[in-house]
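# Structure assessment
Single-letter residue listing:
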Amino acid sequence: MPTQYRPTFQYTSATAPRALPLLGHAPALLHHPYDFVAGLAAHGDLVRLRLGPLDAYVACHPDLVRQLLTEDRTYDKGGLILDKAREVFGNGLATCPAADHRRQRRMLQPAFHRDRLPGYAAMMAEEIAGTTAPWSDGDVIDLPAAMYRLTTAVTARCLFAAHERAGSLPVHACMDAVARGVARRIMLPLPGADRIPTPGNRRFRRARRDLREITRRLIADYRAAGTDHHDLLSVLLSTRDEDGRGLSDNEIHDQVVTFLLAGMETTAATLSWAWTLLAANPPVRERLHTELDTVLDGRPARHEDLPSLPLTGRIVSETLRLHPPAWILSRTVTADTELGGHRVPAGATILYSPYLLHRRADLFPHPGRFDPDRWLTTARPAPGTYTPFGLGARRCIGDTFGTTEAALAIATIASRWTVTPTPHQSVRPHRSSSLSPRPFTATLTRRAR
Ligand code: HEM
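Quick look at the site of the ligand now. Lining the immediate environment of the ligand, one finds 27 residues, of which His101, Arg105, Arg331, Tyr352 and Cys396 sit closest. The contact in question runs from an oxygen atom of the ligand to an N or O atom on the backbone of Leu93, over 3.3 Å. The side chain of His101 places a nitrogen or oxygen atom 2.6 Å from an oxygen atom of the ligand. Secondary-structure elements contributing two or more residues to the shell around the ligand are α5 (98-108), α11 (249-280) and β6 (329-333). The element best represented in the shell around the ligand is α11, accounting for six residues. Taken together, the residues of the shell around the ligand sort by class into 14 nonpolar, eight polar and five charged.

The following block contains the structure:
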């Protein structure tokens with residue numbers, strides 16, 4: 001369980017050491033992003049970084065993170081990375097400014113209502129079964145790619161349960177190409193580099209056009225049929241704001257792309273990390289197998305099993321602590337203000353990092369240790385300490401969807417398979433805004449029960 005840090009009324013501020021002339025801390029952030037960011041807490045509660053000509057502040061103390069995330073009008077979505085993201089995936093829920101957010105969130109909340117989850121979970125279970133059906137004993141697979149295929153199938157199904165109505169357009173392939181293309185574009189350092197007609201850029205533009213066409217056709221088809229397919233698109237079509245207005249086709253398209261980007265890579269990364277952590281901790285894996293054998297007896301997991309699979313749930317929580325997929329996020333300051341008693345000017349970028357918070361030894365004893373039992377307590381962690389899904393008005397709308405999908409996948413797969421990453425390969429994360437592992441292989445061994 002996370003320790004309760006001592007509240008403080010004096011928050012320290014500092015500039016991170018070892019800035020290089022002109023470049024500042026940009027090379028450190030580029031070359032060793034995770035160690036560099038996790039190390040910032042040692043310098044102060046609010047730490048200033050120099051990134052070339054720009055300054056950014058990192059909120060390292062949970063109180064400051066809580067303030068940053070709950071005062072969403074002073075600390076709005078924006079800043080360099082987000083402005084670029086908006087160019088590519090429009091004004092959807094994850095990127096829209098606070099001024100548009102309340103209306104959008106209210107309209108989309110019904111899509112993630114508790115009552116809808118069992119329906120989504122049933123679709124998830126079918127897609128998990130379908131994705132793993134071709135596996136054979138002894139197969140060696142690219143594990144992150146397999147987990148990404150699984151979450152793509154789940155997302156496609158829960159978004160567009162009737163996607164065969166999209167005709168011949170390749171729904172999965174273009175969702176994948178759009179999601180990956182956007183992630184790459186956000187990291188592109190050169191303005192305009194995304195407009196050069198390289199094969200990658202052409203592929204991305206084609207996939208984006210196809211996805212727009214798929215969404216357009218499905219919207220027309222769903223509207224004509226007037227049936228609820230119990231999927232996300234059906235909710236997007238039926239939701240109304242306070243004045244009785246629905247979402248336009250363009251708004252629906254932006255939300256569809258937002259769900260793809262926010263949900264596919266994050267959940268796939270969680271699953272890949274979970275397998276590496278379980279393989280490195282055989283006693284936990286043994287206990288997981290015992291739990292699954294007792295409850296499932298070899299059959300796939302269903303939504304109603306989850307309360308009887310507490311260790312599986314704790315494994316998901318602990319994986320998200322050690323490897324939070326959204327590991328660094330930003331806000332922009334809309335008016336001169338004070339954070340922790342220190343002045344921050346309008347226009348400044350403030351970063352927060354779940355990765356940094358989750359690896360603070362004063363919040364999580366032995367932070368590098370994979371210990372699902374630290375979550376045995378019923379006490380909730382203090383706000384601002386455990387933030388894999390953010391906090392406040394902009395907290396992840398798909399948090400339960402994502403953890404349900406991860407728990408069902410771990411339970412169904414681990415009840416039948418032992419997943420063992422090939423020895424002597426180092427499993428390292430991409431250096432990117434999303435903490436996902438680079439390709440690595442794993443052997444699947446069918447479990448004898
Ligand atoms: C393990 C899986 C997931 C993780 C770790 C994750 C993480 C996050 C985080 C940290 C935020 C807050 C961002 C910020 O503070 O700037 C966020 C927001 C969001 N997430 Fe997730 N997410 C996950 C799964 C999903 C899924 C499955 C969906 C949808 C199907 C989704 C949709 C969204 C949306 C739409 C937002 C924006 C919410 C708003 O601003 O109102 N996420 N997510």
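Turning to the sheet that holds strand β11 (residues 441-446), a few remarks are in order. Taking strand neighbours across the sheet as the criterion, the three strands line up as β5-β11-β10 in an open arrangement whose pairing is antiparallel. Edge strands, defined here as strands with exactly one partner in the open sheet, are β5 (140-142) and β10 (417-421). Strand-to-strand, the axes of this sheet are offset by a mean angle of 35°, without reference to chain direction. In this structure, β10 lies alongside β11, joined through five bridges in antiparallel fashion. Bridging from a neighbouring strand, Thr420 pairs with Thr443 of β11. Across the sheet, helix α7 (residues 143-159) is in contact with β5, β10 and β11; its angle to β5 comes to roughly 70°.

The grouping of Leu20, Leu22 and Leu23 at the surface amounts to a nonpolar patch, some 320 Å² of accessible area in total. Relative to the helices and strands, Leu23 resides in the loop between β1 (13-15) and α1 (26-31). Among the residues examined, Leu23 registers a relative accessible area of 46% and is labelled partly exposed.

This part is about the nonpolar core. Considering soluble globular proteins, one finds that nonpolar side chains tend to be buried as a cluster. Formed by 88 residues in total, the largest nonpolar core has its most connected members in Tyr120, Met147, Phe160 and Trp275. In terms of residues, this core owes the most to one element, α11, which gives 13 residues.

So, about the layout of surface pockets. Quantified by volume, the second largest pocket comes out at close to 980 Å³. Forming the boundary of the second largest pocket are 31 residues, of which Ser317, Tyr386, Phe389, Arg395 and Thr403 lie nearest the centre. For the lining of the second largest pocket, the secondary-structure elements that each account for two or more residues are α13 (310-322) and α15 (399-416). Tallied by class, residues from the lining of the second largest pocket come to 17 nonpolar, 11 polar and three charged.

A few words on the sheet that holds strand β3 (residues 54-59). Ordered in space as β1-β2-β3-β9-β6-β4, the six strands form an open sheet in which the pairing is mixed. Strand pairing shows two members of the sheet lacking a second neighbour, β1 and β4 (75-76), which therefore form its edges.

Moving on: the packing of aromatic side chains. Tallied over the full model, the rule gives nine aromatic pairs. When the ring of Trp375 is compared with that of Tyr386, the centres are 4.5 Å apart and the planes differ by 50°; the resulting orientation is tilted. Taken together, the positions of Trp375 in the loop between α14 (354-358) and α15 and Tyr386 in the loop between α14 and α15 put the pair 11 residues apart, joining distant regions of the chain. Residue classification places Trp375 among the buried positions, given a relative accessible area of 13%. The class of Tyr386 is buried, set by a relative accessible area of 19%. Feature note: the residues Phe112, Tyr120, Phe259 and Phe401 constitute an aromatic cluster, connected by ring pairs.

Turning our eyes to something else, we now look at α15. For α15, with 18 residues, the first-to-last C-alpha span of 26 Å sits near the 26 Å given by 1.5 Å per residue. Burial within α15 is extensive, with 15 of its 18 residues counted as buried.

Only one protein atom coordinates the iron atom of the ligand: Cys396 (SG), located 2.3 Å from the metal. You can see Cys396 is positioned in the loop between α14 and α15.

Once that is clear, we can look at empty space enclosed by the protein. One water molecule sets the probe size; rolling that probe over the atoms shows where empty space is left. A full pass over the atoms with the stated rule returns one cavity of 30 Å³ or more. Considering only enclosed or pocket space, the largest cavity measures out at about 40 Å³ in volume. Residue lining of the largest cavity: Trp275, Leu278, Arg285, Leu288, His289, Ala414, Trp417, Thr418 and Val419, and that is the complete set. Listing elements by their share of the lining of the largest cavity, those giving two or more residues are α11, α12 (282-295) and β10.

This part takes up the pattern of salt bridges. Applying the stated criterion to the full structure yields 23 salt bridges. The salt bridge involving Arg66 is made with Asp63; its shortest N-O contact spans 3.4 Å. In this pair, Arg66 and Asp63 both sit in helix α3 (residues 62-70), three residues apart, roughly one turn of the helix. Across the pair Asp243 and Arg245 runs a salt bridge, and its minimum N-O distance is 3.9 Å. Residue classification places Arg245 among the partly exposed residues on the basis of a relative accessible area of 48%. Linked by salt bridges that have partners in common, Arg103, Asp241, Asp243, Arg245 and Glu251 make up one network.

Residues Arg202, Arg203, Arg205, Arg206, Arg208, Arg209 and Arg212 make up a contiguous surface patch of positive charge. Position of Arg206 among the secondary structure elements: in helix α9 (residues 199-225).

It is worth spelling out unusual backbone geometry at this point. Positioned with a positive phi, Asp297 is a non-glycine residue whose angle comes to about 50°. Structurally, Asp297 is set in the loop between α12 and α13. Even without glycine at this site, His366 takes up a positive phi of about 45°. Position of His366 among the secondary structure elements: in the loop between α14 and α15.

Reading the values: the criteria
The residue numbers shown here count from 1 along each chain, following its written sequence. It should be noted that, the model being predicted, local features are given only for residues of pLDDT at least 70 and side-chain atom pairs only at 80 or more, the latter also being counted only at that level, while totals for whole chains, interfaces and linings use all residues. Side-chain numbers come from the whole structure's heavy atoms, not from hydrogens or water. By convention in this text, a residue qualifies as near a molecule or strand provided that one of its non-hydrogen atoms is within 4 Å of it. By the criterion applied in these results, polar contacts are pairs of N or O atoms within 3.5 Å in which, for protein atoms, one can donate a hydrogen and the other can accept it, and in which residues neighboring in sequence qualify only through two side-chain atoms. Elements are defined by DSSP. Helices are runs of H or I of four residues or more, strands are runs of E of two residues or more, and each kind is numbered from the N terminus. Residues are grouped as follows: Ala, Val, Leu, Ile, Met, Phe, Trp, Tyr, Cys and Pro are nonpolar; Asp, Glu, Lys and Arg are charged; every other residue, Gly included, is polar. By this definition, two strands are paired if DSSP reports at least two bridges between them. Where helices are involved, their axes are fitted lines through C-alpha atoms of the stretch in contact, as for all axes, and angles between N-to-C directions lie from 0 to 180°. Whether two residues are in contact is decided by their heavy atoms: any pair within 4.5 Å suffices. Patch construction takes residues with relative accessible area above 30% that form no salt bridge. Like charges are linked within 9 Å, and nonpolar side chains (Val, Leu, Ile, Met, Phe, Trp, Tyr) are linked within 5 Å. Accessible surface is estimated by sampling points in the Shrake-Rupley manner with a 1.4 Å probe; for residues, cover comes only from the protein chains shown. The term salt bridge refers to a side-chain nitrogen of Lys or Arg lying within 4 Å of a carboxyl oxygen of Asp or Glu. Partly exposed residues are those whose accessible area sits between 20% and 50% of the maximum for their type, while under 20% is buried and over 50% is exposed, using a 1.4 Å probe and protein chains only. Among buried residues, the Ala, Val, Leu, Ile, Met, Phe, Trp, Tyr and Cys ones that are joined through side-chain atoms within 4.5 Å form a nonpolar core. Note on definitions: the grid is 1 Å and covers protein atoms alone; a cavity is a set of points where a 1.4 Å probe fits but cannot get out; a pocket is an open set with protein on both sides within 12 Å along at least five of seven lines; lining residues have an atom within 4 Å of a point. Grid points are joined across faces, edges and corners, and a volume is the space filled by probe spheres set on the points. Centres within 6.5 Å make a pair out of two Phe, Tyr or Trp rings, where for Trp the six-membered ring is used; the pair is then stacked when the planes are under 30 degrees apart, edge-to-face when over 60, and tilted otherwise. The span expected for a helix works out to 1.5 Å for each residue beyond the first. In this analysis a donor is any N, O or S atom within 2.8 Å of a metal ion (3.2 Å for sodium, potassium and calcium), and since water is not included, sites may seem incomplete. Here the positive residues are Lys and Arg and the negative ones are Asp and Glu; neither His nor the chain ends is included. For the purpose of locating charges, the reference atoms are NZ of Lys, CZ of Arg, CG of Asp and CD of Glu.

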